[in-house]
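Report on the structure
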2 protein chains.
Amino acid sequence: MTIYRKKSAQQSTSPSADAPRAAIVHRLKGADRREDILNHASRLFLTYGIAGTSTRMIANAVGISQPSLYAHFATKEALANALSARAFSSLESLIGRIRTADIPAPARLEAMIRGYIGFALDQGAAYRIAFMLEGPMHEVEAFNPDILPGMQAFASFRDEVALLQQEGHLREGSTDHLAQSLWASMHGLCALLLARPDFPWGDVEAMIDFHVEIILAAYQNKA
Amino acid sequence: MTIYRKKSAQQSTSPSADAPRAAIVHRLKGADRREDILNHASRLFLTYGIAGTSTRMIANAVGISQPSLYAHFATKEALANALSARAFSSLESLIGRIRTADIPAPARLEAMIRGYIGFALDQGAAYRIAFMLEGPMHEVEAFNPDILPGMQAFASFRDEVALLQQEGHLREGSTDHLAQSLWASMHGLCALLLARPDFPWGDVEAMIDFHVEIILAAYQNKA
DNA sequence: TACGCCATCCTATCACTGATAGGTTACTAG
DNA sequence: CTAGTAACCTATCAGTGATAGGATGGCGTA
């Protein structure tokens, strides 16, 4: 029995050769260097995926040695989590902006849903890290501060759901169930589009519009 | 600046020591050995995750050398894809069984939805491989036969949606949009539950019931 | 029964990965 | 001017997926 190997892409232009180390290295203060690393890592993760981006690629792009990364992040996973945290802080602020914007209630829900979907598709790498990554299956993770921004973003979303419900724009029932179910419906589309971009989706824009319309009708008050 | 490393779990009982090689090795025919490998890999993937399972762990569990795996699968990814394919064949047959079962139309839709969710949560590892894994972001994958069972399962699902729509049990509109949106709604819940089992979901059973009810109401014909 | 093929399986080794150990350098407070 | 320390380095580790090439045993055929 013989299996033919698919020839590996990226042969001539190896990712590991991405941006040779800068000739002159400037020392940076911890916080600045940390931001520097996150910026380059974000770009690389988006291009090559997380598993496809090595710590050496990141270090080369930044212009420091690979072990120097570990002065700022305990592990590669911690770096990814920090990126996710950064992205979710911006999601939370996005939700906050929509909540405080002067938008009448029904349109506010739609704005929230479309904002969420747009965020997920834009920040694909960070969104994957937060919601689609394979974590330890049986091991209960000790408190991880990098998950917090995601939780806060959800909490903010849940608060808005509670408000809309109180105002009578959303169906009755458990607010937690409502928020989680609504979140799941939004997430489902984002996750599938991100995980299977090669699927014959047809017109993606139209598909999103269709799904949003269904969601709005499903969760709004029938009264 | 000093970062404290989280101490690595699995220290004393390293996963790599999982099941020492069997003393007496029996030669198996290609197809049998292949099934053997898939069975052990499935168990290990579920326990340690895909990235957390090395090819050496799989080989040790099976009782063969690590390079011997490559006589049956070109890459570790190919092995994972084969597992996914096997699982999705069973999903397709599940859908087929529900379709041909003697269930009146509205209950048939609910049976389909609950069957799908149950499958996803049971076959977590395979489901992840098929729908939640990080793939190449910019590279268009050449035809991959292991994706076929997943596509066929979706096609079967879409056919049933078309039928229910023709019978007047589902709302009007593009059948493709309807099937994709419905799939996304189901997937969203499964994906979140699998990716974030540590989230404070509350009563998961009740949450699933709530979501299914919403989906049924959302996609059924309002007439 | 004897032969030879070839699928099965092995050991040895590769390049690369994430991570660690321990020394060097440059900025800065006193 | 002189510590002290944060920033950074080189060298190296064990483990990973994958490859090269040789050993072996069962089976069809002469």
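Thresholds applied
All chains use their own residue numbering, which begins from 1 and follows the written sequence. Each chain is given a letter, starting from A, and each ligand a number, starting from 1, according to the order in which they appear as written. Local features in this predicted model are restricted to residues whose pLDDT is 70 or higher, and side-chain atom pairs enter the listing and the counts only when it is 80 or higher, whereas totals over whole chains, interfaces and linings include all residues. Water and hydrogen atoms were dropped before computing side-chain values, which therefore reflect all heavy atoms in the structure. By the criteria applied, helices consist of DSSP H or I runs no shorter than four residues and strands consist of E runs no shorter than two, each listed in order from the N terminus. Helices are assigned an expected span. That span is 1.5 Å times one less than the residue count. Using a 1.4 Å probe on the protein chains alone, a residue whose accessible area is under 20% of its type maximum counts as buried, one over 50% counts as exposed, and one in between counts as partly exposed. In this analysis, two residues are considered to be in contact whenever any of their non-hydrogen atoms come within 4.5 Å of each other. Polar contacts, as counted here, are pairs of nitrogen or oxygen atoms within 3.5 Å of one another; within protein the pair requires one atom able to donate a hydrogen and one able to accept it, and residues that are adjacent in sequence qualify only if both atoms are side-chain atoms. Salt bridge, as used here: a side-chain nitrogen of Lys or Arg that lies within 4 Å of a carboxyl oxygen of Asp or Glu. An automatic or database domain assignment is the source of the domain bounds shown. As used here, buried area is the combined drop in accessible area, with a 1.4 Å probe, of two parts when they are placed together. Aromatic pairing here means that ring centres of Phe, Tyr or Trp (its six-membered ring) are within 6.5 Å. Orientation follows from the plane angle: under 30 degrees is stacked, over 60 is edge-to-face, and everything else is tilted. Note on definitions: angles span 0 to 180 degrees between N-to-C directions of axes, and those axes are lines fitted to C-alpha atoms, for helices only across the stretch in contact. The labels follow the angle: roughly parallel below 35 degrees, roughly antiparallel above 145, roughly perpendicular from 65 to 115, and oblique for the rest. Note on residue classes: Ala, Val, Leu, Ile, Met, Phe, Trp, Tyr, Cys and Pro are nonpolar, Asp, Glu, Lys and Arg are charged, and everything else, Gly too, is polar.

We now examine helix α8 (residues 204–219) of chain A. For α8 of chain A, which comprises 16 residues, the first-to-last C-alpha distance of 22 Å matches the rise-based estimate of 22 Å (1.5 Å per residue) to within 8%. Within α8 of chain A the residues assigned to the buried category are Met207, Ile208, Phe210, His211, Val212, Ile214, Ile215, Leu216, Ala218 and Tyr219 of chain A. Next to the buried residues of α8 of chain A lie α4 (105–122) and α7 (175–195) of chain A together with α7 (175–195) and α8 (204–219) of chain B. Here α8 of chain A starts with a cap whose side-chain oxygen sits 3.1 Å from the backbone nitrogen of Glu205 of chain A, and that cap is Asp203 of chain A.

Attention now goes to the pattern of salt bridges. Within this structure, the stated rule accounts for 16 salt bridges over all chains. For Glu35 of chain A, the salt bridge goes to Arg86 of chain A, with nearest N and O atoms at 3.0 Å. Here Glu35 of chain A is found in helix α1 (residues 30–48), whereas its partner Arg86 of chain A is found in helix α3 (residues 76–100), with 51 residues between them in sequence. Ionic pairing is found between Arg108 of chain B and Glu167 of chain B, a salt bridge with its closest N-O pair at 3.6 Å. Taken together, the positions of Arg108 of chain B in helix α4 (residues 105–122) and Glu167 of chain B in the loop between α6 (148–166) and α7 put the pair 59 residues apart, joining distant regions of the chain. Take Glu167 of chain B: its relative accessible area is 39%, and that puts it in the partly exposed class. Within the structure, one salt-bridge network assembled from shared partners comprises Arg99, Arg108, Glu160 and Glu167 of chain A.

All names here are of chain A. Domain boundaries in chain A define domain 1 (15–71) and domain 2 (77–133 + 145–219). Counting from both sides, the interface comprises 11 residues of domain 1 and, opposite them, 8 residues of domain 2. A per-residue breakdown of the area domain 1 buries against domain 2 is headed by Leu38, Phe45 and Ile50, which together make up 55% of the total. Our enumeration of links across domain 1 and domain 2 arrives at 1 salt bridge. Summed over the shared surface of domain 1 and domain 2, the result is 2 residue pairs in polar contact (both at pLDDT 80 or more). Examining the composition of the side of domain 1 that touches domain 2, we find that 9 residues originate from one element, α1, more than from any other.

Where two aromatic rings form a pair, the distance of their centres and the angle of their planes describe that pair. Evaluated as defined, the whole model comprises 16 aromatic pairs over all chains. Between Phe199 of chain A and Trp201 of chain A the ring centres are 4.6 Å apart and the planes differ by 55°, which places this aromatic pair in the tilted class. With a relative accessible area of 14%, Phe199 of chain A lands in the buried category. Relative to Phe119 of chain B, the ring of Phe88 of chain B lies with its centre 5.7 Å away and its plane at 70°, an arrangement referred to as edge-to-face. Of this pair, Phe88 of chain B sits in helix α3 (residues 76–100) while Phe119 of chain B sits in helix α4; the two residues are 31 residues apart in sequence, bridging distant segments of the chain. Of the two residues examined, Phe88 of chain B and Phe119 of chain B, each falls in the buried class. Site record: aromatic cluster; members linked through ring pairs are Tyr116, Tyr127, Phe154, Phe157 and Trp183 of chain A together with Phe199 and Trp201 of chain B.

With that out of the way, let us pick up the packing of α4 of chain A against helix α5 (residues 124–131) of chain A. Residues and elements named next belong to chain A. Between α4 and α5, the shortest axis-to-axis distance is 5 Å and the interhelical angle comes to 100°. With respect to each other, α4 and α5 are oriented roughly perpendicular. Where α4 abuts α5, its residues Tyr116, Phe119, Ala120, Leu121 and Asp122 lie against Gly124, Tyr127 and Phe131. Looking at side-chain class alone, the contact of α4 with α5 contains 6 nonpolar, 1 polar and 1 charged residues.

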